[in-house]
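Topology and contacts: notes
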Amino acid sequence: MPKYHIAYLPGDGIGNDVMDAAKIVLDAIDLDAEYIHGDIGWEFWKTEGNPLPDRTVELLKETNCCLFGAITSKSNEDAEKELIPELRNKGIVYSGAIVTLRQELNLHTNMRYCKAYPGNPLNYRDDIDLVVFRENTEGLYAGVEFRPPSKEVFNALMTHKNMKKFEKISLDDIAVSCRIFTRNACQNIIRQAFEYAKKHNRGSVTLVEKPNVIRETSGMMVQEARRMAMEYPNIELWETNVDAMCMWLVKNPQDYDVLVSSNMFGDIISDLAAQLVGGLGFVASQNIGDNYAVFEPIHGSAPKYAGQYKVNPIAMILSVKLMLDWLGEKQYAKNLDQAVASVIKERKITTYDLGGTNTSLEMAETIVKKYEEL
Ligand code: IPM
Ligand code: MG
């Protein structure tokens, strides 16, 4: 019986391409694991009205962790149009599979590693090493939305004094998306950020929010961060508004260590931070719960490149590295990281984002060769 059972979810578009590349690496390092394919993505939305079929959630529950490629998600209007005719007009509403998966499995902590590998010509600078902690189950992603709001919802909202300006507007012309934070989730994500900083000797944790405007939800994050910072006297807590953070990240990214934010802001700043270290093709992430984790590149499914094996698989291969680390296979993880670093540095094999013409699979094979030389 293999030591690990790993759910293998390529998803949509280039998710397949990069997972094929990851598989080359996994086979070469000879991890004692069984990979179990799971259905997820747009295909299952169109044919089953559910991009995350129940059987996939069940499968995940029987595995140690999950490797995930990418999925396509579209607006409600477009999603409805693409359903097979039998499923249309039945009130089935699309909700993004990866978002649902994070919530169903309570993968509360999303970590994204934006580290510049020296020699990458796409680096903004070579000394950037940021980790973004993103709250992963609530906030604007909680899915509590109304368009139009019902009368009951609208009346409840009307009890707030600032609703006065919306009083005369027809319900059909109003859309509401709620930003819900719980103290528990705020505490958790901030705790994880501080603990990581402590363990890895990072000097600062930067809370990225917008408490000067979004006073209650961002305000709760600030309150909890300040409280917790007292338990970590050797780590500075910096507080930065999300708009200013975008500016600072472009100006002085090397000054930052650990960033912590809520779901939506964490999503946005991690794309910005990723571009500073070569783009979405280089940044891996882990969605961590109490006993389970899903590893994925932060890029999307890039449908226009699907099946062409032209995208950079490094973000996916670094997601494999994160998985190895999480499983406790530290030496495998370390060697894989070193192999990736040296392929980036050499610049002999390059995918299109790096100005080259090599395929995703050639890149994976080159990484394997390096790994085997170590
Ligand atoms: C990400 C992605 C997802 C998100 C999308 C695909 C729903 O952008 O993992 O950052 O918004 O979380
Ligand atoms: Mg994103």
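Residues numbered from 1 in each chain as written. Chains lettered and ligands numbered in written order. Predicted model: local features only at pLDDT ≥ 70, side-chain atom pairs only at ≥ 80, totals over all residues. Heavy atoms only, no water.

1. Brief notes about the nonpolar core
- Ile6, Leu31, Phe133, Met323 and Ile367 are the most contacted members of the largest nonpolar core, which totals 69 residues.
- Looking at this core, the element that brings in the most residues is helix α11 (residues 314–327), giving nine residues.
- In contact with Leu31, not counting residues within four places along its chain, are Tyr4, Ile6, Leu26, Met323, Leu324, Leu327, Glu329 and Tyr332.
- Formed by 19 residues, the second largest nonpolar core is a distinct cluster that contains Ala116, Leu130, Leu249 and Leu276. (Core = buried A, V, L, I, M, F, W, Y, C linked by side-chain atoms within 4.5 Å. Buried < 20%, exposed > 50% of the residue type's maximum accessible area, 1.4 Å probe, protein only. Helix = DSSP H or I, 4+ residues; strand = E, 2+ residues; numbered from the N terminus. Contact = heavy atoms within 4.5 Å.)

2. Considerations on the site of ligand 1
- Val99, Arg102, Arg112, Arg134, Tyr141 and Asp267 make up every residue found near ligand 1.
- Contacts to ligand 1 include Arg112, whose side-chain N or O atom sits 2.8 Å from an oxygen atom.
- One nitrogen or oxygen atom from the side chain of Tyr141 is found 2.6 Å from an oxygen atom belonging to ligand 1.
- Put simply, ligand 1 lies in the largest pocket.
- Per-class residue counts for the shell around ligand 1 are two nonpolar, no polar and four charged. (Near = heavy atom within 4 Å. Polar contact = N/O pair within 3.5 Å; in protein donor to acceptor, adjacent residues only side chain to side chain. 1 Å grid on protein atoms, 1.4 Å probe; cavity = no way out; pocket = protein on both sides within 12 Å on 5 of 7 lines; lining within 4 Å. Sits in = over half its atoms within 2 Å of the grid points. Nonpolar A, V, L, I, M, F, W, Y, C, P; charged D, E, K, R; others polar.)

3. Digging into the pattern of salt bridges
- This structure, assessed with the given rule, holds 25 salt bridges.
- For Arg102, the salt bridge is made with Glu296, and the minimal N-O distance between the two is 2.9 Å. Of this pair, Arg102 sits in helix α5 (residues 97–104) while Glu296 sits in strand β12 (residues 293–297), and the two are 194 residues apart along the sequence. Here the two residues Arg102 and Glu296 agree in accessibility, since each one is buried.
- The salt bridge partner of Arg179 is Glu209, with a shortest N-O separation of 3.1 Å. You can see Arg179 sitting in the loop between β7 (176–177) and α7 (183–199) and its partner Glu209 sitting in strand β8 (residues 204–209), a full 30 residues away along the chain. We note that Arg179, like Glu209, is buried. (Salt bridge = Lys/Arg side-chain N within 4 Å of Asp/Glu carboxyl O.)

4. With respect to the layout of surface pockets
- For the largest pocket, the calculated volume is near 1100 Å³.
- As for the largest pocket, its lining consists of 37 residues, of which Ser73, Tyr94, Gly96, Val99 and Tyr141 are closest to the centre.
- Elements supplying a minimum of two residues to the lining of the largest pocket: β3 (65–70), α5, β6 (145–146), β7, α10 (263–276) and β12.
- Per element, the largest residue contribution to the lining of the largest pocket is five residues, and it comes from α5.
- For the lining of the largest pocket, the class distribution of residues is 16 nonpolar, twelve polar and nine charged. (Points joined across faces, edges and corners; volume = space filled by probe spheres on them.)

5. What to know about the packing of aromatic side chains
- Within the structure shown, the criterion is met by ten aromatic pairs.
- Ring geometry for Trp42 against Trp45: centres 6.5 Å apart, planes inclined by 40 degrees, an arrangement best described as tilted. Here Trp42 and its partner Trp45 are both found in helix α2 (residues 42–48), three residues apart, which amounts to about one turn of the helix.
- Residue classification places Trp42 among the buried positions, given a relative accessible area of 6%. (Phe/Tyr/Trp six-rings, centres within 6.5 Å; stacked < 30°, edge-to-face > 60°.)

6. Describing the sheet that holds β3
- The strand order across the open sheet built from ten strands is β2-β1-β3-β12-β11-β4-β5-β10-β8-β9, with neighbouring strands paired in mixed fashion. In this open sheet, the two edge strands, each paired with only one partner strand, are β2 (33–37) and β9 (236–241). Each strand of the sheet is rotated relative to its neighbour by a mean of 20 degrees, with strand direction disregarded.
- In this sheet, strand β11 (residues 284–288) lies alongside strand β4 (residues 109–115) in antiparallel orientation, the contact comprising five bridges. Bridge pairing in β11 links Met111 to Gln286.
- In this fold helix α9 (residues 242–251) packs onto β5 (129–135), β8, β9 and β10 (258–261), with an angle of close to 105 degrees to the strand it touches most, β9. (Pairing = 2+ DSSP bridges. Axes fitted to C-alpha atoms, helices over the stretch in contact; angles between N-to-C directions.)

7. Observations regarding helix α8 (residues 217–229)
- The terminal C-alpha atoms of α8 lie 18 Å apart, and with 13 residues this matches the ideal 18 Å at 1.5 Å per residue to within 8%.
- Inspection of α8 places Thr217, Ser218, Met220, Met221, Val222, Glu224, Ala225, Met228 and Ala229 among the buried residues, and these make up the whole buried set.
- Residues of α8 that are buried make contact with α7, β8, β9, β10 and α10. (Expected span 1.5 Å × (residues − 1).)

8. Some thoughts on the pairing of β10
- With burial as the criterion, each face of β10 is covered, one bearing Val258 and Val260 and the other bearing Leu259 and Ser261.
- By the bridge criterion, four bridges tie β5 to β10 in an arrangement that is parallel. Across the sheet, the residue bridging to Val132 is Leu259, located in β10.
- For β8 and β10, the ladder comprises four bridges, and the chain directions are parallel. Along β10, the bridge assignment pairs Thr206 with Leu259.

9. Points about the packing of helix α1 (residues 14–29) against α11
- The geometry of α1 relative to α11 is characterised by a closest axis approach of 8 Å and an angle of 45 degrees between their N-to-C directions. In terms of orientation, α1 and α11 fall into the oblique class. As α1 runs across α11, the sense of the crossing is right-handed. In this structure, α1 contributes Val18, Met19, Ala22, Val25, Leu26 and Ile29 to the contact, and α11 contributes Met316, Ile317, Val320, Met323 and Leu324. (Parallel < 35°, antiparallel > 145°, perpendicular 65-115°, else oblique. Left-handed = near helix turned anticlockwise from the far one by under 90°.)

10. Here's the deal with the domain arrangement of the protein
- Partitioning the protein into domains gives domain 1 (1–109 + 284–374), domain 2 (124–141 + 181–276) and domain 3 (144–177).
- Here the C-alpha centroids of domain 1 and domain 2 sit 25 Å apart.
- Buried area between domain 1 and domain 2, both sides added, is near 840 Å², and the carbon and sulfur share of it is 49%.
- For the interface between domain 1 and domain 2, the tally reads zero salt bridges.
- Connecting domain 1 to domain 2 are seven residue pairs in polar contact (both at pLDDT 80 or more).
- Top element by residues in the side of domain 1 that touches domain 2 is α5. It accounts for three residues.
- Split by residue class, the side of domain 1 that touches domain 2 holds three nonpolar, five polar and one charged. (Domains from an automatic or database assignment. Buried area = accessible area lost by both parts, 1.4 Å probe.)

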